[in-house]
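Overview (structure and organization)
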Amino acid sequence: MNTETKTTDDRDEAAAATLTGSREKHGARVQAAAVGIAQQAEEDSRPGWVTLPPARSGVSRVLHLPDLPSTYAMAVDFDGVLHRMDHRGWMGGEVYGDPVPGSMEALQELIQDYCVFVLTARGRRFHQAVADFVTLHSGIRTVVDDYRPDQEYWLVPGTILVTNRKFGSAGLIDDKAVEFRGNWPKTHARVRHPEGVGASRLAVLRQHSPKTPR
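Here is a short report on the structure shown in this document. In every chain, residue numbers begin from 1 and rise along the written sequence. The model is predicted, so local features are restricted to residues of pLDDT at least 70 and side-chain atom pairs to those at 80 or more, both for listing and for counting; the totals for chains, interfaces and linings are taken over all residues. To obtain the side-chain values, all non-hydrogen atoms of the structure were used and water was disregarded.

Some details on the packing of aromatic side chains
Heads up, the rule is: Side-chain rings of Phe, Tyr and Trp, where Trp is taken by its six-membered ring, are said to pair if the distance between their centres is within 6.5 Å; with planes under 30 degrees apart they count as stacked, over 60 as edge-to-face, and otherwise as tilted. Only protein chains enter the accessibility calculation, which uses a 1.4 Å probe; a residue whose area is less than 20% of its type maximum is buried, one above 50% is exposed, and one in between is partly exposed. Working rule: Lys NZ or Arg CZ, within 6 Å of ring centre, within 35 degrees of ring normal, means a charge sits over the ring.
Overall, the coordinates contain 3 aromatic pairs when judged by the stated rule. An angle of 45° between the planes, with centres 5.3 Å apart, marks the rings of F180 and W184 as tilted. For W184, a relative accessible area of 58% puts it in the exposed group. Lying across the ring of Y147, R124 places its NZ or CZ 3.7 Å from the centre.

Written out as structure tokens, the structure is:
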């Protein structure tokens, strides 16, 4: 074998070794990335981990919280709890009343301990009016739900969200809720004959409903 042929063979072997090394390094990086993704997915699924929806920048954030995400939030109903309606009643969703006495001061205290969101049965076209009402009377910054499908919690300190979605929360402050304490017979007894409501309304409905064939 002449010197030129040997030099060519050496170059080929060196190139092959370099290619093999590059492939091995690439494979190691791919494997490490896969392991990292799997670990991140496992961490994200554990209690205490929550992925916040993308901000305006389009970047999602993953937080590890010491407790379940829902324990950081508090839900507050709007009508009858924050907004006092008079004899005119619902008025098609219009916000026309005054604050319930003490409600705005309570919001200012709640916002120090929880991420607060306000629940309303009003249509979305009235949500901005609800937000304006809360901000006007409490001085707290308020935003309207933009209905991101990946949002499961409200975890923004210092800002109140107005929504009709029931996100996870530590509690719900509502004037028309029935509290469940783990005892269904007692709960059932309360909803069968709630205060101010007579016998079941179903009897009236059945009189006017078409008969269902069996």
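Structure shown, so let's carry the discussion forward.
Description of the environment of G123
Our working rule: Secondary structure elements are taken from DSSP: a helix is a run of H or I of four residues or more, a strand is a run of E of two residues or more, and numbering for both begins at the N terminus.
With respect to the helices, strands and loops of the structure, G123 is situated in the loop between β6 (115-119) and α3 (127-138). Judged by relative accessible area, G123 falls into the partly exposed class, the value being 36%. Sequence spacing of G123 and N164 is 41 residues, and the spatial spacing of their C-alpha atoms is 8.2 Å.

Brief notes about the packing of helix α2 (residues 103-113) against α3
The test is simple: Every axis in this analysis is a line fitted to C-alpha atoms, fitted for helices over the stretch in contact. Angles between the N-to-C directions lie between 0 and 180 degrees. Roughly parallel refers to an angle under 35 degrees, roughly antiparallel to one over 145, roughly perpendicular to one between 65 and 115, and oblique to any angle outside these ranges. Residues are treated as being in contact if the distance between any of their heavy atoms lies within 4.5 Å. Residue type decides the class: Asp, Glu, Lys and Arg count as charged, Ala, Val, Leu, Ile, Met, Phe, Trp, Tyr, Cys and Pro as nonpolar, and the leftover types, Gly among them, as polar.
Where α2 contacts α3, the axes come no closer than 9 Å and their chain directions differ by 90°. One way to sum up the angle between α2 and α3 is to call them roughly perpendicular. Contact with α2, carried on its side by M104, L107 and Q108, involves F133, V134, H137 and S138 of α3 and no other residues of that element. The class makeup of the residues in the contact of α2 with α3 is 4 nonpolar, 3 polar and no charged.

Brief notes about the pattern of salt bridges
Two side chains carrying opposite charge are able to pair once their charged atoms lie near each other. Note the following rule: The term salt bridge refers to a pairing of a side-chain nitrogen on Lys or Arg with a carboxyl oxygen on Asp or Glu at a separation within 4 Å.
By the definition in use, this model includes 3 salt bridges. Between R122 and D79 there is a salt bridge whose closest N-O contact spans 2.4 Å. Placement of the pair is R122 in the loop between β6 and α3 and D79 in the loop between β3 (73-77) and β4 (83-84), with a sequence separation of 43 residues. The buried category is assigned to R122, whose relative accessible area is 1%. In this structure, the salt-bridge partner of D145 is R165, at a minimum N-O distance of 2.9 Å. In this pair, D145 sits in the loop between β7 (141-144) and β8 (159-163) while R165 sits in the loop between β8 and β9 (172-173), placing the two residues 20 residues apart along the sequence.

What about the nonpolar core?
Note the following rule: Buried Ala, Val, Leu, Ile, Met, Phe, Trp, Tyr and Cys residues form a nonpolar core when they are joined through side-chain atoms within 4.5 Å.
If you look at the biggest cluster of nonpolar residues, it comprises 19 residues, and the most contacted ones within it are V76, F78, L82, L107, V116, V118 and I160. Of all the elements in the fold, those that place two or more residues in this core are β3, α2, β6, α3 and β8. When sequence neighbours within four positions are dropped, the list of residues in contact with F78 reads H83, V95, V118, L119, T120, R122, V130, F133 and V134. A73, C115, W154 and L161 belong to the second-largest nonpolar core, a separate cluster that totals 8 residues.

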